[in-house]
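Architecture at a glance
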Amino acid sequence: MNTNTSGAPFGAEEAQAVLALARELQPICRSVTGDGLRETLRILSRELPLNIREVPSGTNVLDWTVPNEWNIRDAYIKNGRGERLVDFQKCSLHVVNYTIPVKATMTRSELEPHLHSLPERPDAVPYKTSYYREAWGFCLSENQRKNLGDGPFEVCIDSSIKPGALTYGELVVPGSQSDEFLVSTHCCHPYMANDNLSGIGLSVQLAKRLLKSQPRLTYRFLFIPGTIGSITWLALNDSSRIRHGLVLTCLGDAGAFTYKKTRLGGAFIDRVTAHVLNNSGIPHSVENFIPYGYDERQYNSPGFKLSVGALMRTPNGRYPQYHTSDDNLDFITSEALAESYQIISSIIETFEHDGKFLNLSPRGEPQLGERGLYEGSQKEIMALLWVLNFSDGTFSLLDIAERAKMPFARIKRAADRLTEAGLLRRLVENEQ
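Attention here is on the structure that accompanies the text. Small disclaimer: the values here were computed from a predicted structure and weren't measured.

Our next topic: the overall build of the protein. Summing up its helical and strand segments, the protein has twelve helices and 19 strands in all. With the C-alpha coordinates aligned to their principal axes, the bounding extent of the protein is approximately 90 × 40 × 35 Å. Taken over 432 residues, the protein has a buried fraction of 56%. Sequence separation of at least 24 residues holds for 79% of the intrachain contacts in the protein that already meet a minimum separation of 6. Of the accessible surface of the protein, which amounts to about 18300 Å², a share of 48% is contributed by carbon and sulfur atoms. Separation between the mean location of the 46 positive side-chain charges and that of the 50 negative ones in the protein comes to 2 Å.

So, about the packing of aromatic side chains. Counting across every chain of the model gives 13 aromatic pairs. Between Phe181 and Phe351, the ring centres sit 5.0 Å apart and the planes meet at 85°, which makes this aromatic pair edge-to-face. Here Phe181, found in strand 11 (residues 180-186), pairs with Phe351, found in helix 9 (residues 334-353); they are 170 residues apart in sequence, far enough to count as distant. Residues Phe181 and Phe351 agree in their burial class; the two are buried. Among the aromatic residues, those joined into a ring-pair cluster are Trp64, Trp70, Tyr98, Tyr131 and Tyr132. Above the face of the Tyr76 ring, Lys78 is positioned so that its terminal group lies 4.6 Å from the ring centre. The residue whose ring lies beneath Arg313 is Phe257, and the NZ or CZ to ring-centre distance is 4.2 Å.

Another aspect to go through is the sheet that holds strand 12 (residues 218-224). Within the open sheet, the eight strands sit side by side as 1-10-12-11-13-16-14-15. Their pairing is mixed. Strand pairing shows two members of the sheet lacking a second neighbour, strand 1 (51-56) and strand 15 (284-287), which therefore form its edges. Direction aside, neighbouring strands of the sheet carry axes that sit 20° apart on average. Here strand 13 (residues 242-248) runs beside strand 16 (residues 308-312); their pairing, made up of four bridges, is parallel. Bridge assignment links Val247 to a residue of strand 16, and that residue is Ala310. Along the sheet, helix 7 (residues 268-278) contacts strand 11, strand 13, strand 14 (257-260), strand 15 and strand 16; its crossing angle with strand 14, the most-contacted strand, is approximately 165°.

Take the environment of Asp74 next. As for its placement among the helices and strands, Asp74 is situated in strand 4 (residues 69-78). Placed 45 residues apart in sequence, Asp74 and Pro119 show a C-alpha to C-alpha distance of 26 Å. Setting aside residues no more than four positions away along its own chain, Asp74 makes contact with Arg84, Asp87, Phe88, Gln89, Cys156, Ile157 and Asp158. Separated by 2.9 Å, the side chains of Asp74 and Gln89 make a polar contact.

Moving on to the packing of helix 1 (residues 12-25) against helix 5 (residues 193-211). In a pair of packed helices, the angle between the axes and the distance between the axes together describe the arrangement. Their axes nearest at 9 Å, the elements helix 1 and helix 5 cross at an angle of 130°. Taken together, the axes of helix 1 and helix 5 lie oblique to each other. Here helix 1 and helix 5 pass one another in a crossing that is right-handed. Along the contact surface, helix 1 presents Glu14, Ala17, Val18, Leu21, Ala22 and Leu25, while helix 5 presents Leu197, Ser198, Ile200, Gly201, Leu202, Val204 and Gln205. In terms of residue class, the contact of helix 1 with helix 5 is made up of nine nonpolar, three polar and one charged.

Our focus in this paragraph is the pattern of salt bridges. Applying the stated rule across the entire model yields 31 salt bridges. In this structure, Glu54 engages Arg38 in a salt bridge whose closest nitrogen and oxygen atoms are separated by 2.8 Å. You can see Glu54 sitting in strand 1 and its partner Arg38 sitting in helix 2 (residues 35-47), a full 16 residues away along the chain. The exposure class of Glu54 is partly exposed, given its relative accessible area of 40%. Among the charged side chains, a salt-bridge network with shared partners connects Arg53, Glu170, Glu180, Arg220, Asp238 and Arg241.

Let us now look at helix 1. With 14 residues, helix 1 should reach 20 Å at 1.5 Å per residue; the first-to-last C-alpha distance of 20 Å fits that figure. Of the positions making up helix 1, those classed as buried are Glu14, Ala15, Val18, Leu19, Leu21, Ala22 and Leu25. Take helix 1 and look down its axis: the buried residues cluster within an arc of 165°, on one side only. Buried residues along helix 1 sit against helix 2, helix 5 and helix 9.

In terms of burial, strand 11 is a largely internal element, seven of the seven residues being buried. Across seven bridges, strand 11 lies against strand 12 in parallel orientation. Paired with Phe181 across the bridge in strand 12 is Tyr219. After leaving strand 11, the chain enters helix 5 and then returns to the sheet as strand 12, a path that is right-handed.

Definitions and cut-offs
- Residues numbered from 1 in each chain as written.
- Predicted model: local features only at pLDDT ≥ 70, side-chain atom pairs only at ≥ 80, totals over all residues.
- Heavy atoms only, no water.
- Helix = DSSP H or I, 4+ residues; strand = E, 2+ residues; numbered from the N terminus.
- Buried < 20%, exposed > 50% of the residue type's maximum accessible area, 1.4 Å probe, protein only.
- Contact = heavy atoms within 4.5 Å.
- Areas by Shrake-Rupley, 256 points an atom, 1.4 Å probe, with all protein chains shown as cover.
- Lys, Arg positive; Asp, Glu negative; His and termini not counted.
- Charge placed at Lys NZ, Arg CZ, Asp CG, Glu CD.
- Phe/Tyr/Trp six-rings, centres within 6.5 Å; stacked < 30°, edge-to-face > 60°.
- Lys NZ or Arg CZ within 6 Å of the ring centre and 35° of its normal.
- Pairing = 2+ DSSP bridges.
- Axes fitted to C-alpha atoms, helices over the stretch in contact; angles between N-to-C directions.
- Polar contact = N/O pair within 3.5 Å; in protein donor to acceptor, adjacent residues only side chain to side chain.
- Parallel < 35°, antiparallel > 145°, perpendicular 65-115°, else oblique.
- Left-handed = near helix turned anticlockwise from the far one by under 90°.
- Nonpolar A, V, L, I, M, F, W, Y, C, P; charged D, E, K, R; others polar.
- Salt bridge = Lys/Arg side-chain N within 4 Å of Asp/Glu carboxyl O.
- Expected span 1.5 Å × (residues − 1).
- Arc of directions from axis to C-beta.
- Right-handed = clockwise from strand over helix to strand, strands pointing away.

So, in C-alpha cells, the structure goes:
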C-alpha cells in the first residue's frame, strides 16, 4: 500500500500535505454547525470524494437534539477612538464559540464578566464555547485584558443562532470484505493546529492512500463535529459492520504517542496498536479507557460497544498550549506528523495483511539455502524460521510477530518470501 515513490522518507510528503492543508483551514471559524464547518468540508471534498450530510436542527438523535445553527460574521471591542482592541478578524478564538449577538456600549465593569483570559499564559488567547447555553463573551490574552483601559467600549458580536443543520463528511472506501474499520476525526475546532487540524489532515492522507489501493477491509471515514457529530451519526446510521476503529487527534506535537484503549481493552485494535507502538522505537504509552475525551467515548458507549480506540501524541489537556492560541502552526512539526503517519500506516498494514498460513513442508526444516532464502540479515533469517515453525494454520502472522518479539512488517516480509518460494500458503477464511 505504500504509494510514496519519490525517494523521500516514508511519511515526509504526507506531512507536508497536512501542513499545507492546515495553513488553508486555520483561518476558518469552525463550530459544531454553520458555514465555517461547511467551508472546511468543501475544502476536504477537493481532496476526497466526500459525501456531505446535512441533519436539520431539531432532529432527535439518541438523548440529544441537533442544535440550531450558529454563524458569525464579525466581532470586536472598540475604544472611544474606534480602534479595535479585540478583533475576531485577527483570530477566531477571540469570540466564545456559539455566542449570541450583542451590540452595545459598555463600561469596563459591565464588560468584565464577559471576558476570558489565562493569567498563567499571559500572551495566549483561550478557546471557550457555549454550545448548549445562551451566553456571550470575548477571549483575549491576559496582557490585552490588562491594557483595555476603562472604557466606554463599543461591543459588537455579529452572529446568529437559528434553525439550520448539522453538517458532516463521510467517505467509504470499499474493500473485499464488508467488515468495516472506522476512522473518525473531529473538525469543529477553530484555529488550533494540533487539536485538530493534525487529525483532519492525517485522515485525509490515509484516505487518499487507501483509495489508491484495493483494501481487504472496508474503511469508513467520518469528519464530524465533536460529540454531537458522533452521536448524530450513531443515531441515524447502521454501525453493525464496524469491527475496529480509531479516533485520530492531537497528532502533530512533539510529545510521545498515547493510545487510549477500547472500553474493556483486549480488542484487536488494542492489540495491533500496542504491537506497532512497542516495535516502533518511539516513546509511547498505552492507557486504559476512560469515559472522557473525544468521540471514542460515544462509539464505546454500552449501547454500541464499538471497538474504537484513540490515537494521539500528547493527550488533550496535558500540554500547556491545549485549547489556546498557542496551539498554532508553529506548535506542530513535519517530523511529528510524518511519525504519526508512519504509525497509522503500520496499524492499517497489520489489519490488511494479518492472516493464518500453512507450511507446505512441515516435516523438518526445509532447505532454505537452495531456494535462495538463506540470505540477508540474521533478523530476516530468524523471521523465516519463526514463520515456518508456527504456520500450522493455528497462528496468525500477528501471533507469530508477538511471540518472536519482531515487528509485524518483518514477519510479513518473511511470509511473502516463503510464499513466493512455494513453502507457504495463505489460508482462506473458511479454512481458518
